[in-house]
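Here's the letter readout for the chains.
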Amino acid sequence: MAVQPSQQGLDLPVRPGDRATKATSTTSFRRGLRHSKMLLLMCLPAIVFFAVFSYAPMPGAWIAFTNFNYRDGIFGSPFVGLRNFEFLIKSGQLWLLTKNTILYNLAFIIIGNILQIALAIMLNEIRSRYFKKVSQALMFLPYFVSVVLIGVIAFNLLNYETGTVNTLIVQAGGDPLKLYSMAGVWPFIIILAHVWQSTGYGSIVYFAAIMGLDQSMFEAAAIDGASAWQRIVHIILPSLKPTFFILLLFSLGGIMHGNFGLFWNLVGNNAQLYASTDIIETAVYRMLLAQNNFTSSTAVGLYQSLFGFVLILVVNWIMRRINPDYALF
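Given the structure is predicted, the values throughout are model-derived calculations rather than measurements. Here, residues in each chain are numbered from 1, in the same order as that chain's written sequence. In view of the model being predicted, local features appear only for residues whose pLDDT reaches at least 70, and side-chain atom pairs are presented and counted only at 80 or more, with totals across whole chains, interfaces and linings using the full set of residues. Derived side-chain values reflect all non-hydrogen atoms in the structure, with water molecules and hydrogen atoms excluded from consideration.

**What to know about the nonpolar core**
Taken as a class, soluble globular proteins show a tendency for nonpolar side chains to be buried jointly.
Then, in step 1: Here the nonpolar core consists of buried residues drawn from Ala, Val, Leu, Ile, Met, Phe, Trp, Tyr and Cys, with membership extended through side-chain atoms lying within 4.5 Å. Each residue is placed in one exposure class: buried if its accessible area under a 1.4 Å probe, protein chains only, is under 20% of its type's maximum, exposed if it is over 50%, and partly exposed if it falls in between. In this structure, Phe 85, Leu 88, Leu 252, Met 256, Ile 280 and Val 300 are the most contacted members of the largest nonpolar core, which totals 24 residues.
Then, in step 2: The set of elements that each furnish at least two residues to this core consists of helix H4 (83-91), helix H5 (93-125), helix H12 (241-253), helix H15 (280-289) and helix H16 (294-322).
Then, in step 3: Secondary structure elements follow DSSP: runs of H or I of four or more residues count as helices, runs of E of two or more count as strands, with numbering from the N terminus. The leading source of residues in this core is H16, at seven residues.
Then, in step 4: If near-sequence neighbours (up to four positions away) are discounted, Val 300 is found in contact with Leu 88, Leu 94, Ile 280, Val 284 and Met 287. In this description, contact between two residues means that some pair of their heavy atoms is separated by no more than 4.5 Å.

Here it is as structure tokens:
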């Protein structure tokens, strides 16, 4: 006999099948945890890292909407709405930081991926196993060089008085260049330093993708008389498209996050170069430490995160419309 809902609420009976399904789901979940405990243990450091450094600080984003002071704290400080963002927009600083950060990252992504693919293909074409191993070791070495050391090397090359570049110019009969006051040359220097440091390490993924290709395709192409260049164009490059698009999406997700260590150690707090080298990370660092400005620095950081989040959603949606296999989710 059917049970009618009561007048005060819907006291519907729980069917036995629902209890069985819930019990089965709980049992399956516990069984999965038990069988995957070693994998979960391996993931524990990453889980703790993101919990501590990504999720725990999230309430601090409220500072961007307040006139923060130490006495009242984060949630007790006066609420000012979007006034901090309005100040950054009207000052023109936010546009400059956004433009520089995006343009630098686009250059890093485009130039970096092209060189990484070319390097992986060249490694694949090397027939001497010993030479290939030596080449790989030498290419990976710059990635492990500290950005502090890169800054020291750049200073010894470019400084006005004793730099190697100016020494060679003077010996050739020219006038030394004040490179640390020439804003126009630093985008090329920064891009060159980044490419030198990251290209070898970044080529690992593409080289692994090439190694995973079916070798019978190359054998069939060689039998048909295809040259090395034809094998690269018609077999390797099309096979690398999924890898390229996945890495591109990951890179675009962080397009608003600059390489603070590289920029700060190469340029430092040089106001003469702000127009061409100032990115969001360096500006936030100066606001926080030099000016003790928590509100503006938090507003810029929040804007940076929201912009990157929206961008990755839009790009992933476009990629899904073009080819669902290349989308992240």
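On we go.
**A closer look at the packing of H12 against H16**
Then, in step 1: Throughout, an axis means a line fitted to C-alpha atoms (over the contacting stretch in the case of helices), and angles, computed between N-to-C directions, take values from 0 to 180 degrees. Look at H12 against H16: their axes get within 8 Å of each other, and the N-to-C directions meet at 155°. In terms of axis orientation, H12 runs roughly antiparallel to H16. Contacts from Phe 245, Leu 249, Leu 252 and Gly 253 of H12 reach H16 at Gly 308, Leu 311, Ile 312, Val 315, Asn 316 and Met 319.
Then, in step 2: When its residues are assigned to classes, the contact of H12 with H16 shows seven nonpolar, three polar and no charged. Orientation is classified from the angle alone, with under 35 degrees giving roughly parallel, over 145 giving roughly antiparallel, 65 to 115 giving roughly perpendicular, and any other angle giving oblique. In this count, Pro and Cys sit with the nonpolar residues alongside Ala, Val, Leu, Ile, Met, Phe, Trp and Tyr, while Asp, Glu, Lys and Arg are called charged and the others, Gly among them, polar.

**Topic: the side chain of Asn 166**
Then, in step 1: Within the secondary structure, Asn 166 is located in helix H8 (residues 164-171).
Then, in step 2: Dropping the residues within four chain positions of it, Asn 166 is found in contact with Leu 157, Leu 158, Asn 159, Tyr 160, Pro 176 and Leu 177.

**What to know about a nonpolar patch on the surface**
Then, in step 1: Residues enter patches when their relative accessible area tops 30% and they take part in no salt bridge; the joining distance is 9 Å for like charges and 5 Å for the nonpolar side chains Val, Leu, Ile, Met, Phe, Trp and Tyr. All accessible areas in this document rest on Shrake-Rupley with a 1.4 Å probe, and a residue is counted as covered only by the protein chains that are shown. We count a salt bridge whenever a side-chain nitrogen from Lys or Arg sits within 4 Å of a carboxyl oxygen from Asp or Glu. Together, Met 38, Leu 41, Leu 44, Ile 47, Val 48, Phe 49, Phe 50, Val 52, Phe 53, Tyr 55 and Met 58 make up an exposed nonpolar region whose accessible area comes to about 1200 Å².
Then, in step 2: Note that Phe 49 resides in helix H2 (residues 37-55).

**Things to note about the environment of Ala 208**
Then, in step 1: In this fold, Ala 208 is placed in helix H9 (residues 186-211).
Then, in step 2: Residue classification places Ala 208 among the partly exposed residues on the basis of a relative accessible area of 47%.
Then, in step 3: C-alpha of Ala 208 to C-alpha of Ala 120: the two residues are 88 residues apart in sequence and 8.5 Å apart in space.

**Points about the confidence of the model for the chain**
Then, in step 1: As a per-residue measure, pLDDT reflects the predictor's confidence and takes values from 0 up to 100. Looking at the chain as a whole, its pLDDT mean stands at 84, while 92% of the residues score no less than 70.
Then, in step 2: In the model of the chain, helix H1 (residues 16-35) stands out as the element of lowest mean pLDDT, 67, in contrast to helix H7 (residues 147-158), which has the highest, 92.

**A few points about the pattern of salt bridges**
A side chain with one charge can pair with a side chain of the opposite charge if their charged atoms come near.
Then, in step 1: Going through the model one piece at a time under the given rule, you end up with three salt bridges.
Then, in step 2: Put simply, Asp 72 and Arg 71 hold a salt bridge, and the shortest N to O gap is 3.6 Å.
Then, in step 3: Among the residues examined, Asp 72 registers a relative accessible area of 34% and is labelled partly exposed.
Then, in step 4: The exposure class of Arg 71 is exposed, given its relative accessible area of 76%.
Then, in step 5: In this structure, the salt-bridge partner of Arg 286 is Asp 278, at a minimum N-O distance of 2.8 Å. One exposure class covers both Arg 286 and Asp 278, and it is buried.

**Some remarks on the packing of H5 against H9**
Then, in step 1: At a closest axis distance of 6 Å, the pairing of H5 and H9 adopts a crossing angle of 45°. Considering their axes alone, H5 and H9 lie oblique with respect to each other. Pair H5 / H9 crosses with right-handed handedness. Handedness of a helix crossing follows the sense of rotation of the near helix relative to the far helix, less than a right angle counterclockwise being left-handed and clockwise being right-handed.

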